[in-house]
Amino acid sequence: MNRLAVELPGLSLKNPIMPASGCFGFGREYAKFYDLSVLGAIMIKATTLEARFGNPTPRVAETPSGMLNAIGLQNPGIDKVLAEELPWLAQYDVPIIANIAGSTVEEYVEVAKRISKAPNVHALELNISCPNVKKGGIAFGTVPEVAAELTRAVKEVSAVPVYVKLSPNVTNIVAMAKAIEQAGADGLTMINTLLGMRIDVKTAKPILANVTGGLSGPAIKPIALRMIYEVSQAVSLPIIGMGGIQSAEDVIEFFYAGASAVAIGTAHFIDPYVCPNVIRDLPPLLDELGIQHISECTGRSWNNGQTVYCGA
Amino acid sequence: MNRLAVELPGLSLKNPIMPASGCFGFGREYAKFYDLSVLGAIMIKATTLEARFGNPTPRVAETPSGMLNAIGLQNPGIDKVLAEELPWLAQYDVPIIANIAGSTVEEYVEVAKRISKAPNVHALELNISCPNVKKGGIAFGTVPEVAAELTRAVKEVSAVPVYVKLSPNVTNIVAMAKAIEQAGADGLTMINTLLGMRIDVKTAKPILANVTGGLSGPAIKPIALRMIYEVSQAVSLPIIGMGGIQSAEDVIEFFYAGASAVAIGTAHFIDPYVCPNVIRDLPPLLDELGIQHISECTGRSWNNGQTVYCGA
Amino acid sequence: MKEHMTIISNRQIAKGIYELTLASSLVQRMHTPGQFVHVKVATFAPLLRRPLSLCDINHEAGECTIVYRAEGTGTTLLSQKQPGETLDVLGPLGNGFPLSALSSGQRALLVGGGIGVPPLYELAKQLVKNGVCVTIVLGFQTKDVVFYEERFASFGKTYVATADGSYGMKGFVTDVIEHHALSFDVLYACGPKPMLKALQQQFPHKELYLSLEERMGCGVGACFACVCRVPHSETAYKKVCSDGPVFRAGEVVL
Amino acid sequence: MKEHMTIISNRQIAKGIYELTLASSLVQRMHTPGQFVHVKVATFAPLLRRPLSLCDINHEAGECTIVYRAEGTGTTLLSQKQPGETLDVLGPLGNGFPLSALSSGQRALLVGGGIGVPPLYELAKQLVKNGVCVTIVLGFQTKDVVFYEERFASFGKTYVATADGSYGMKGFVTDVIEHHALSFDVLYACGPKPMLKALQQQFPHKELYLSLEERMGCGVGACFACVCRVPHSETAYKKVCSDGPVFRAGEVVL
Ligand SMILES: Cc1cc2nc3c(=O)[nH]c(=O)nc-3n(C[C@H](O)[C@H](O)[C@H](O)COP(=O)(O)OP(=O)(O)OC[C@H]3O[C@@H](n4cnc5c(N)ncnc54)[C@H](O)[C@@H]3O)c2cc1C
Ligand SMILES: Cc1cc2nc3c(=O)[nH]c(=O)nc-3n(C[C@H](O)[C@H](O)[C@H](O)COP(=O)(O)OP(=O)(O)OC[C@H]3O[C@@H](n4cnc5c(N)ncnc54)[C@H](O)[C@@H]3O)c2cc1C
Ligand SMILES: Cc1cc2nc3c(=O)[nH]c(=O)nc-3n(C[C@H](O)[C@H](O)[C@H](O)COP(=O)(O)O)c2cc1C
Ligand SMILES: Cc1cc2nc3c(=O)[nH]c(=O)nc-3n(C[C@H](O)[C@H](O)[C@H](O)COP(=O)(O)O)c2cc1C
Ligand code: FES
Ligand code: FES
């Protein structure tokens, strides 16, 4: 028995550890450090219909136990991702979760339709933190109805299960999750970054050229845990948890909160080997905790050890 | 000229540095460390109508660059605060900002009416993060109309200016601020804590007895700055900023974002002398930055050095 | 009340148990056994201070000693500190064990469990100096983590128990007390809450002083993180940091 | 690619400027001047690594040297590290200065501004070894922060300018070059962006290699934090960390 193997809609994961979208590019850079086949899955960088350059630099700023980023969805566009990135990734034995973004429902739909047919794409992850250009900049990620509409539209065209990535910048994360569940999503991933900013004391100017950016890293871990704890009890979708994970202990904490798998983002910048290290550290930690299979951990903080989501 | 002096509604501050509510009790403990008269003001612990014991322990948990607390508004009740705490504080030359809380509008009104008449209370700070028991647990702090109604009711009875303390756990902080401004508030204080949690990896149980708690400390600084930056441009009320401040540099960053004064909370637990130290460090820092008066810093990240709020 | 103290030594004395000796003028303000210091282990992270009891106060040398268990982030980091480095220390804090409860010739029973043992060392020292007759009972999980047995033995008869029986008597401190029918005028204890509760039950009519632990924020009484309830009241409370950590049995709800 | 390197020395060599020597087997993978290492200054905080250029690579001794300015949180903390401590180092990263651009007997002009000077040291060393004729121009703010003048002088004629005229010629590196009518086959430069821009304008038709700085996340090309634009394109880009930090003038928009 592989005690780390996890079954989720569309995903048979050899382990529940995957790089988070935007922190691992399309895998090429970290392939120089280790064999990507050791990963449970890879969430590739957000893909849009057209190539995007993104925001001006500086695009990152440091904060206490965290960082801000305002990359601005830079990516080569769906054509290049289909032609170059996904085929390159196919050499590894690892399912790909394609993170997709857009400014209109139509753009999401178009990208979803095409990218979901790539052979190694096993699931989609809808990045709904982008503003909805048609609806006057209301973010897809903050209004339950808007998020539900998008989910429904993408579900209709997608050849693979659809996970929706929740933004933490909302009053009621449970309402968002429920709306998305009812719209037919297959799973949730959470959390995306919190909106923050830093100002340079010498110049009085915002450090990021984009003024504000997304806060990630250990600083947001307690917020991610709270939201996963709330959402996992309110919906029956599996959750891929993320937000500040750095160690096997963090992974267990996210499972206890209610996650069925986890993604690691910012920690790659501190240690390129973070994923293989965490995968290595998990079995001895499970031993120490007297746990047979990692799935037993899901939701244990509120359900006393019953299995919460079981794809089998 | 005192280059740190700041004028705000109801408050003539010798400097813009004050302990944040709940992190300084009623001043007695820190009075053993230094003369409280050096402070710009003191935000005392939330006072409710009746004495409250608060939540079971553990009430605090550590997080990366932050902490969670779930004290649960423990306080001796308005009678004791009026009879013992405020008269004791009157020996110091320092204005008091009374933080008040309640479960119903009526409770807030009653506490506001009575505490605002105490001679050394120069302003009220409405802690609107408590759930509204009458409205079925909707937090006063997350629905603009509910917050506005509360503000209006308290304004009507208060003998001193009313500041409303914004919760960051909302989708749209600007909408909250605007509603509160229209309801007649004299100022805003922000931010209160972000809802978070931690789970003990050994026991799988939440570390806080209350399960979730409020995240404070340096970890939340970028979120506080972003919110102050947004709100200060949208309303014309003065803002007392807080969230992770530890140093004179942090104070300047908050002013640049749009604050007209600041409060320091969690940092007291790391250094009991944090307030006097920051007050000492500010004038040389202003020199270094070539700034005459600290008020010039308010909003400088977006207004290029024009005065934003000037009580004079 | 707050100083950068210099690390004189920091060495392992049992499995995961370290003895840390610090020096600075702050030592001259330390007097009462059972008081604690609030230690900032590193400049940035971890953020909060760690409460650690005074184990030995040496005014002549200008040094104090702390014995701690390297467990979580903070104490593990502390165990890596080298002599010559400094530590930001706030204290002494809290109210310690009341020595005046006993006069010369009376009998004290000191009961320590695990990492609750250290503050009893300075207590034993001062009681003996006052002419009090001291008996010591120390309880540990297992042989590997036993420490300070010989040092305590210089102050009075010292019994050791381990939960797994790998050293001394097998069982708990309460078993030792019962087995040897130990008697006393005042009992002082520090250790895990179940141990303190058991002692309180074992001696409901005696004078017991118990040192409590609670997660802390400020450590000085300002944040209300560390409160415990007072019997028969809905709102009354005591703060472990500033009213305790030592309470008379019955004073607070365990 | 990632090792704990041991600090051999870490000393101040000018006002706020430190010279750090590190040892580990990682040094054997370091070859190209202009490459950088990504340094984790402390276990917890600050969170992100700091990019620092290789200044000197010594394969025989198994040591490399970095020269840095203590400015913000990370570099200030770094300046307090003691010999014997270890540092978590990722690298070498990026593409350095192309040495093959010049053959024996040709002339290189090396232009460094402020804390951009260090990578030119290893470059000068390797160029001289290749028989290239090296001239060096170093620009600093003021006398107190001048460093490595003598060490550079051992490789070739070395000019120093300070912005305030407190040392060497008063003015900028471009003034020095103009004043002495310095000529070259290839110019290599590292320093603040305004300096690089000025050089590019001064020599629009020559072969220039410029080392850029940008705020970084990953340092390995994965996060797209450090991109710069490519001329005449809306979407084309280069990453400073993995395509640079050294670019040929005109390759990217400064
Ligand atoms: C008055 C008092 C005296 C103490 N004296 C000693 C002593 O002499 N020797 C010793 O080894 N230990 C002592 N402790 C316990 C010691 O404070 C904790 O072991 C220590 O704080 C754990 O820190 P950590 O970083 O290793 O653990 P982490 O789990 O990383 O700590 C996370 C947070 O929880 C808090 N915490 C964790 N365990 C405890 C605990 N048992 N009590 C209070 N807070 C805790 C930490 O302070 C920190 O805020 C004492 C506790 C108190 C309250
Ligand atoms: C390729 C490259 C090579 C470099 N080589 C050297 C060198 O040899 N010697 C040297 O002294 N400096 C060098 N720098 C600059 C050095 O990286 C910064 O001075 C350093 O990161 C500042 O860190 P801090 O903690 O002191 O400042 P803080 O202001 O506390 O840093 C906050 C954040 O901003 C980033 N940052 C701040 N300034 C810079 C900067 N100028 N460039 C990139 N990131 C910055 C930090 O890395 C960190 O993420 C180089 C930069 C790059 C990109
Ligand atoms: C540099 C950077 C780029 C990111 N880009 C994306 C993205 O393109 N799409 C997305 O859904 N999330 C993106 N994220 C968010 C992460 O996937 C992740 O949700 C978040 O960073 C929290 O996890 P962490 O704390 O482990 O980084 C990005 C994060 C960072 C730091
Ligand atoms: C232990 C603790 C208790 C608090 N109690 C209150 C309170 O009673 N009323 C209130 O409005 N805010 C309370 N707060 C929030 C602080 O006043 C402040 O808004 C928040 O902690 C952010 O500032 P900081 O990061 O400097 O701590 C409390 C915070 C802490 C850490
Ligand atoms: S720790 Fe703050 S009151 Fe005890
Ligand atoms: S720093 Fe991440 S791509 Fe360059």
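Residues numbered from 1 in each chain as written. Chains lettered and ligands numbered in written order. Predicted model: local features only at pLDDT ≥ 70, side-chain atom pairs only at ≥ 80, totals over all residues. Heavy atoms only, no water.

**Q** Account for the UniProt feature "binding site: [2Fe-2S] cluster" (unreviewed entry) in chain C, naming residues and giving values.
**A** As annotated by UniProt and renumbered to match this structure, "binding site: [2Fe-2S] cluster" (unreviewed entry) occupies Cys 218, Cys 223, Cys 226 and Cys 241 of chain C. Across 24 residues of sequence, these annotated residues stay compact in space, with a maximum C-alpha separation of 10.1 Å. Along the chain, the position of Cys 223 of chain C falls in the loop between strand 13 (207–211) and strand 14 (227–229). Of the residues examined, Cys 223 of chain C reaches a relative accessible area of 5% and is grouped as buried. With sequence-adjacent residues up to four places away left out, Cys 223 of chain C is seen in contact with Gly 22, Ile 71 and Phe 269 of chain B together with Gly 217 and Cys 218 of chain C. Among the secondary structure elements, Cys 241 of chain C is positioned in the loop between strand 15 (237–239) and strand 16 (246–248). For Cys 241 of chain C, a relative accessible area of 1% puts it in the buried group. (UniProt positions renumbered as here; feature names shortened; annotations may be inferred. Helix = DSSP H or I, 4+ residues; strand = E, 2+ residues; numbered from the N terminus. Buried < 20%, exposed > 50% of the residue type's maximum accessible area, 1.4 Å probe, protein only. Contact = heavy atoms within 4.5 Å.)

**Q** Help me get a handle on the domain arrangement of chain C, residues and values and all.
**A** All names here are of chain C. In terms of domains, chain C is made up of domain 1 (2–93), domain 2 (97–211) and domain 3 (213–253). Between domain 2 and domain 3, the C-alpha centre-to-centre distance is 23 Å. Counting residues at the interface gives 10 residues for domain 2, matched by 8 residues for domain 3. Here domain 2 meets domain 3 over a buried area of about 750 Å², counting both sides, of which 51% is carbon and sulfur. (Domains from an automatic or database assignment. Buried area = accessible area lost by both parts, 1.4 Å probe.)

**Q** Go over the UniProt feature "binding site: FAD" (unreviewed entry) in chain C with me, naming the residues and quoting the values.
**A** UniProt feature "binding site: FAD" (unreviewed entry): in the numbering of this structure it lies at Arg 50, Pro 51, Leu 52, Ser 53, Val 67, Tyr 68, Arg 69, Gly 74 and Thr 75 of chain C. Relative to the helices and strands, Arg 50 of chain C is located in strand 4 (residues 50–53). With near-sequence residues (within four places) excluded, Arg 50 of chain C lies in contact with Glu 62 of chain B together with Val 37, His 38, Val 39, Val 41 and Gly 74 of chain C. Inspection of the secondary structure assignment puts Gly 74 of chain C in helix 1 (residues 73–79). For Gly 74 of chain C, a relative accessible area of 1% gives the class buried.

**Q** Mind laying out the interface of chain B and chain A, listing which residues take part and the relevant values?
**A** If you look at the interface, chain B gives 39 residues, while chain A gives 39 residues. At the junction of chain B with chain A, the criterion picks out 2 salt bridges. Glu 253 of chain A is the partner of Arg 198 of chain B in a salt bridge, and the nearest nitrogen-oxygen pair spans 2.5 Å. Where chain B touches chain A, the interface holds 12 residue pairs in polar contact (both at pLDDT 80 or more). Ranked by the residues each element gives to the side of chain B that touches chain A, the list is headed by helix 5 (residues 221–234) of chain B, at 7 residues. Classifying every residue of the side of chain B that touches chain A by side-chain character gives 22 nonpolar, 8 polar and 9 charged. (Salt bridge = Lys/Arg side-chain N within 4 Å of Asp/Glu carboxyl O. Polar contact = N/O pair within 3.5 Å; in protein donor to acceptor, adjacent residues only side chain to side chain. Nonpolar A, V, L, I, M, F, W, Y, C, P; charged D, E, K, R; others polar.)

**Q** Tell me about the site of ligand 3, and please be specific about residues and values.
**A** Residue and element names in this part refer to chain A. Looking at ligand 3, there are 20 residues lining it, with Ser 21, Lys 165, Gly 217, Gly 244 and Thr 266 nearest. In the environment of ligand 3, an oxygen atom lies 2.8 Å from a nitrogen or oxygen atom belonging to the side chain of Asn 99. Between ligand 3 and Asn 127 there is a distance of 3.1 Å, counted from a nitrogen atom to a side-chain nitrogen or oxygen. Relative to its free-state accessible area of 600 Å², ligand 3 is covered by the protein chains to the extent of 97%. (Near = heavy atom within 4 Å. Areas by Shrake-Rupley, 256 points an atom, 1.4 Å probe, with all protein chains shown as cover.)

**Q** Residue-level account of the relation of the copies chain B and chain A, with values.
**A** In screw terms, the move from chain B to chain A is a rotation of 180 degrees and a rise of 0.0 Å along the axis, fitting with an RMSD of 0.0 Å. Interpreted geometrically, this transformation is the action of a two-fold axis. When the interface residues of chain B are mapped onto chain A, 100% of them are again interface residues, pointing to one common binding face. (Least-squares fit on C-alpha atoms with pLDDT ≥ 70 in both.)

**Q** A description of the site of ligand 1 should follow, citing residues and the corresponding values.
**A** All names here are of chain C. Taken together, 19 residues sit near ligand 1, with Arg 50, Pro 51, Gly 74, Thr 75 and Arg 215 positioned nearest. Contacts to ligand 1 include Arg 69, whose backbone N or O atom sits 2.9 Å from an oxygen atom. Contact with the protein chains covers 86% of the free accessible surface of ligand 1, which is 830 Å². Considering each element in turn, the shell around ligand 1 owes the most residues, 4 residues, to strand 4. Of the residues contributing to the shell around ligand 1, the split by class is 9 nonpolar, 5 polar and 5 charged. Of the residues that make up the shell around ligand 1, three or more belong to each of domain 1 (2–93) and domain 3 (213–253).

**Q** Describe helix 3 (residues 144–157) of chain A, listing the residues and the values that go with them.
**A** Its 14 residues give helix 3 of chain A an end-to-end C-alpha distance of 21 Å, which sits within 8% of 20 Å, the value for a rise of 1.5 Å per residue. When helix 3 of chain A is considered as a whole, its buried residues turn out to be Val 146, Ala 147, Ala 148, Leu 150, Thr 151, Ala 153 and Val 154 of chain A. (Expected span 1.5 Å × (residues − 1).)

**Q** Can you lay out the confidence of the model for chain C for me, pointing to particular residues and giving the numbers?
**A** The predicted model of chain C has a mean per-residue pLDDT of 96, with 100% of residues at 70 or higher. The complex prediction reports pTM at 0.96, with the ipTM value standing at 0.96. (pLDDT = per-residue confidence, 0-100.)

**Q** An account of the sheet that holds strand 1 (residues 2–14) of chain C is needed here, citing residue identities and associated values.
**A** All names here are of chain C. Reading across the sheet, the 7 strands line up as 4-3-7-1-2-6-5 and stay open at both edges, with antiparallel pairing between neighbours. Pairing within the sheet leaves two strands with one partner each, and these edge strands are strand 4 and strand 5 (56–58). Averaged over all neighbouring strand pairs, the angle between strand axes comes to 35 degrees, with direction disregarded. Of the strand pairs in this sheet, strand 1 and strand 2 (residues 17–23) are connected by 7 bridges, and their pairing is antiparallel. Residue pairing in the sheet places Ser 9 in a bridge with Thr 21 of strand 2. Sitting on the sheet, helix 2 (residues 118–129) touches strand 4, strand 5 and strand 6 (63–69), and the angle it makes with strand 5 is about 50 degrees. (Pairing = 2+ DSSP bridges. Axes fitted to C-alpha atoms, helices over the stretch in contact; angles between N-to-C directions.)

**Q** If you had to explain the sheet that holds strand 16 (residues 246–248) of chain D to someone new, which residues and values would you point to?
**A** Residues and elements named next belong to chain D. In space, the 7 strands of this open sheet follow the order 11-10-9-8-12-13-16, with mixed pairing throughout. Each having just a single partner strand, strand 11 (169–170) and strand 16 make up the two edges of the open sheet. As defined by bridge partners, strand 10 (residues 156–162) adjoins strand 11 across 2 bridges and the pair is classed as parallel. Across the sheet, the residue bridging to Thr 162 is Lys 170, located in strand 11. Where helix 2 (residues 118–129) meets the sheet, it contacts strand 8 (107–113), strand 9 (133–140) and strand 12 (186–190), and its direction lies at approximately 170 degrees from that of strand 8.

**Q** Which residues make up the nonpolar core, and what are the values?
**A** Membership of the largest hydrophobic core comes to 317 residues, with the highest contact counts inside it found for Leu 124, Leu 188 and Ile 252 of chain A together with Leu 124, Leu 188, Ile 240 and Ile 252 of chain B. Setting aside chain neighbours within four positions, we find Leu 188 of chain B in contact with Tyr 163, Val 164, Leu 166, Ala 177, Ile 180, Val 231, Val 235, Leu 237, Pro 238, Ile 239 and Ile 240 of chain B. (Core = buried A, V, L, I, M, F, W, Y, C linked by side-chain atoms within 4.5 Å.)

**Q** Tell me about unusual backbone geometry, and please be specific about residues and values.
**A** A cis amide bond links Thr 57 of chain A to the next residue, Pro 58 of chain A, at an omega of -5 degrees. Inspection of the secondary structure assignment puts Pro 58 of chain A in the loop between strand 4 (42–47) and strand 5 (60–63). For the peptide bond that leads from Gly 244 of chain D to Pro 245 of chain D, omega is 5 degrees, which places it in the cis range. The topology assignment puts Pro 245 of chain D in the loop between strand 15 (237–239) and strand 16. Residues other than glycine seldom take positive phi values, yet Leu 73 of chain B does so here, at roughly 55 degrees. In this structure, Ala 181 of chain D takes a positive phi of about 45 degrees despite not being glycine. You can see Ala 181 of chain D is positioned in the loop between helix 4 (173–179) and strand 12.

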